[in-house]
Amino acid sequence: MLLQTLQEIAAGQGLTITEKKGLYTLERVVAERKSFLCRKKLLYRAKFRIVEEKKEVHFTELLKESGFGLSSGSVDTEMSPGFGFRKETYKTGLGPREGTIEEQSTLFGKQYTYTFDFSTVRKAVESAAQAAGYTFQWKFFL
C-alpha cells in the first residue's frame, strides 16, 4: 500500500521510478540545453528503500549536472581560447535541502529558466511514510 502511494507521488511529480533489489530510484530531468555539438543536463535523483521489519523508509536525494561536447572556451570558465572537447559531471546535494533547484542554477549560469521545488518530493514521501505508520529517515547512502 505504501509503495503504491509512493508510485502515485512519483507520477504526480513527473518522476520516473525504477526498482533494483528493493531500492527504488526516482528521476527527473530538470533542465536540458542542447546546442551544436554540445549538451548539458541537470538531473534530480531520489532513492528510497522500504524496510518492512523495522517499519522504516530510508531516503536520499541529489542533483547531478552533466555535460559534453565542443566548447569554445572563455574567460569565465578559465579555459584556454580555441576549440576543444570537454566532458564534465558534477554532483551536488548530498543532504536534505530547502528551496528550489532554481537557486542552484549557478552551475549552469544564466542559460536556463526553470523551477522545480525538490523539497516537495521529500516532504511527500515523508508524509506518506508517516501516514502508513513508517518512520522516515534521511540517509547519505542507501
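Everything here concerns the structure above.
In this text, all values refer to a predicted model and were calculated from it rather than measured experimentally. (Residues numbered from 1 in each chain as written. Predicted model: local features only at pLDDT ≥ 70, side-chain atom pairs only at ≥ 80, totals over all residues. Heavy atoms only, no water.)

J.: I'd like a description of the packing of aromatic side chains, backed by residues and values.
T.: Counting across every chain of the model gives three aromatic pairs. Between Phe59 and Phe136, the aromatic rings sit 5.5 Å apart at their centres with planes inclined by 40°, giving tilted as the arrangement. Within this pair, whereas Phe59 is found in strand E4 (residues 56-71), its partner Phe136 is found in strand E6 (residues 135-138), the two being separated by 77 residues in sequence. Residue Phe136 is classed as buried on the basis of its relative accessible area, which comes to 13%. A centroid spacing of 5.7 Å and a plane angle of 70° characterise the contact between Trp138 and Phe140, whose relative ring orientation is edge-to-face. (Phe/Tyr/Trp six-rings, centres within 6.5 Å; stacked < 30°, edge-to-face > 60°. Helix = DSSP H or I, 4+ residues; strand = E, 2+ residues; numbered from the N terminus. Buried < 20%, exposed > 50% of the residue type's maximum accessible area, 1.4 Å probe, protein only.)

J.: Give me the environment of Arg45: which residues, what numbers.
T.: By the secondary structure assignment, Arg45 is in strand E3 (residues 38-51). In this structure, the C-alpha to C-alpha distance between Arg45 and Phe118, residues 73 residues apart in sequence, is 9.6 Å. Filtering out sequence-adjacent residues up to four positions away, Arg45 remains in contact with Thr25, Leu26, Glu27, Thr60, Glu61 and Leu62. For Arg45, the side chain forms a polar contact with the side chain of Glu27, separated by 2.6 Å. (Contact = heavy atoms within 4.5 Å. Polar contact = N/O pair within 3.5 Å; in protein donor to acceptor, adjacent residues only side chain to side chain.)

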